[in-house]
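The chain contents come next:
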Amino acid sequence: MPAYKLMYFEAKGRAEVIRLSFAVAGQSFEDKRYSIEEWYKVKQAIPQHQLPCLQVDGRFIPQSGAIMRYIAREFGFYGDNNNENTRVDVILGASDDFLKNVMSWYYEKDETKKEEIKKDLEETKLPQFFSLLESILKENDGGDGYFVGKKISLADIMIYDITDQTSSIAKLPAFPPKLAGLIDRVKNNSKIKEYLAKREKLSQ
Amino acid sequence: MWYFDFRGRAEISRLLLAAAGVQYADDRIKREDWPALKPKTPQGQLPILTIYDTATLPQSLAIARFLAREFGLSGKTNLEQAQCDVIVQTTEDLRAEWVKVFREPDETKKAELQKKLVEEIVPKFWKIFQDTLSSNSSGYMVGDGLTLGDLAVYDVMEIHTRDYPDLIKNFPQLQTHRQKVASIPNVKRYLENRPVTLF
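Residues numbered from 1 in each chain as written. Chains lettered and ligands numbered in written order. Predicted model: local features only at pLDDT ≥ 70, side-chain atom pairs only at ≥ 80, totals over all residues. Heavy atoms only, no water.

1. Structural notes on the pairing of strand 3 (residues 53-56) of chain A
All names here are of chain A. Note: strand 1 (residues 4-9) against strand 3, four bridges, orientation antiparallel. When the bridges of strand 3 are listed, Tyr4 appears paired with Val56. Pairing of strand 3 with strand 4 (residues 59-62), which is carried by four bridges, proceeds in the antiparallel orientation. Looking across to strand 4, one finds that Val56 is bridged to Arg59. Counting the residues that bridge the hairpin from strand 3 to strand 4 gives two residues, and of these Asp57 lies at a positive phi of roughly 50 degrees. (Pairing = 2+ DSSP bridges. Helix = DSSP H or I, 4+ residues; strand = E, 2+ residues; numbered from the N terminus.)

2. A closer look at the UniProt feature "domain: GST N-terminal" (unreviewed entry) in chain B
The UniProt record annotates "domain: GST N-terminal" (unreviewed entry) at residues 1-75 of chain B. As annotated, residues 1-75 of chain B has a helix share of 33% and a strand share of 16%, and its two end C-alpha atoms lie 23 Å apart. (UniProt positions renumbered as here; feature names shortened; annotations may be inferred.)

3. Focus on the sheet that holds strand 2 (residues 30-34) of chain A
Residue and element names in this part refer to chain A. Strand order in the open sheet formed by four strands is 2-1-3-4, and the pairing between neighbours is mixed. Looking at the sheet topology across the chains shown, the edges are occupied by strand 2 and strand 4. On average, each strand axis in the sheet is inclined to that of its neighbour by 20 degrees, with strand direction left out of account. Of the pairings in the sheet, the one linking strand 1 to strand 2 comprises five bridges and is parallel in character. (Axes fitted to C-alpha atoms, helices over the stretch in contact; angles between N-to-C directions.)

4. What about the pattern of salt bridges?
Under the definition given, this model contains 37 salt bridges over all chains. Residue Lys12(A) pairs with Asp164(A) through a salt bridge whose shortest N-O separation is 3.0 Å. Taken together, the positions of Lys12(A) in the loop between strand 1 and helix 1 (16-25) and Asp164(A) in helix 6 (residues 154-166) put the pair 152 residues apart, joining distant regions of the chain. Taking relative accessible area as the criterion, Asp164(A) reaches 18% and is therefore assigned buried. One salt bridge in this structure joins Glu92(B) and Arg95(B), with 3.3 Å as the shortest N-O distance. Taken together, the residues Glu92(B) and Arg95(B), both in helix 4 (residues 78-103) and three residues apart, mark about one turn of the helix. What makes Arg95(B) buried here is its relative accessible area of 14%. (Salt bridge = Lys/Arg side-chain N within 4 Å of Asp/Glu carboxyl O. Buried < 20%, exposed > 50% of the residue type's maximum accessible area, 1.4 Å probe, protein only.)

5. Points about the nonpolar core
Counting residues in each nonpolar core, the largest one holds 66 residues, and the members touching the most others are Leu54(A), Ile61(A), Phe147(A), Leu154(A) and Ile159(A). Ranked by residue count, the leading element in this core is helix 5 (residues 111-138) of chain A, at eight residues. Beyond its immediate sequence surroundings of up to four residues, Ile61(A) is in contact with Cys53(A), Leu54(A), Val56(A), Ala66(A), Ile67(A), Tyr70(A), Leu79(B), Ala82(B) and Val86(B). Listed in part, the 62 residues of the second largest apolar core include Val90(A), Ala18(B), Leu146(B) and Leu174(B). (Core = buried A, V, L, I, M, F, W, Y, C linked by side-chain atoms within 4.5 Å. Contact = heavy atoms within 4.5 Å.)

6. Some points on helix 1 (residues 11-20) of chain B
Residues and elements named next belong to chain B. In terms of burial, helix 1 is largely enclosed, as nine of its 10 residues are buried. Taken together, the buried positions of helix 1 are Glu11, Ile12, Ser13, Arg14, Leu15, Leu16, Leu17, Ala18 and Ala19. Each element contacted by the buried residues of helix 1 is listed here: strand 1 (2-4), strand 2 (27-29), helix 3 (60-70), helix 6 (148-163) and helix 8 (185-193). In the segment just after helix 1, Gly21 is the residue with positive phi, at about 70 degrees.

7. A few points about the confidence of the model for chain B
In this model, chain B carries a mean pLDDT of 96, and residues with pLDDT of at least 70 account for 100%. What the predictor reports for the complex is a pTM of 0.96 with an ipTM of 0.95. (pLDDT = per-residue confidence, 0-100.)

Below, the structure is given as structure tokens:
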């Protein structure tokens, strides 16, 4: 069994979807969290000098998008054929597009502009994103199951994580009905439930 | 394939289709026709790929990965696929830096950003690509043959190779790689016949 080491900061950020993925996979891993000082010491040794980075069998895999897909493929939740893999990728792509709006807010230094971005997120971007997710979800099993195929996949995990993290910086609109059901289903997945309980404990 | 009349986010997939020797319709939408088409697309964006009039795929990277897997150009093992993904995600990061400069409305700021892009950012990314190439012994980016990784690097390097021809002289292995990719018969034929656009 290879040893996995996920390296990131003490934060959810771009690593959390990977931590959730390891949980769904039922795979233990070293959850290395660097302080800023520690990071400056190891930075040069990490490919692309960025985090997150996965170390597996002595190899480094940088880029969160590559890491999450690697784990999902390894443990069988990236879809079962090319069509399903692609459906996962379409949803990840839509999430990446939405995330750009959150990153605009994150990097904006001017307080007035920052407020405007937040307002736009809450009044326009979030409702549009949720509406898109609702229609994509309904394409599969009428929206009463998962985003892809018949079981939880990286797409479901990503949507749970991105809505969870965005809720800490903006007020989310109400989830449309099928999406609400999906978020509940993900939260109540036994392995995710166990992981979230531990995470909740650590933050107290 | 539906996109605008430039390389942009569709070119990686056009290169994949060319490399695979697959016939397809390369529909280039005129700017003035886009508003009418936009609401008919899955996410209000281009490119989209329609397959036998039955499926419509949005998201440029979903399309590229779909085609790469379909035509055996995505890597042979999970690790190789991850290595292709690393390259694709890295080219996206470089593309994002270029887009930032492209979209800057203030001309003075734009000139400053362009300078930084060409003097610092592009060479930083090109070094990552060259290091990836050097750590693989086949002359290809991943594994022992052509993959999505090679085409993604070829594509993202196009604009700065053309606009700043001296830049690549600092990256001899990348220069060899570009020639290698461009001389693959299917790719060569495509490159010789494709529309020439600014970006």
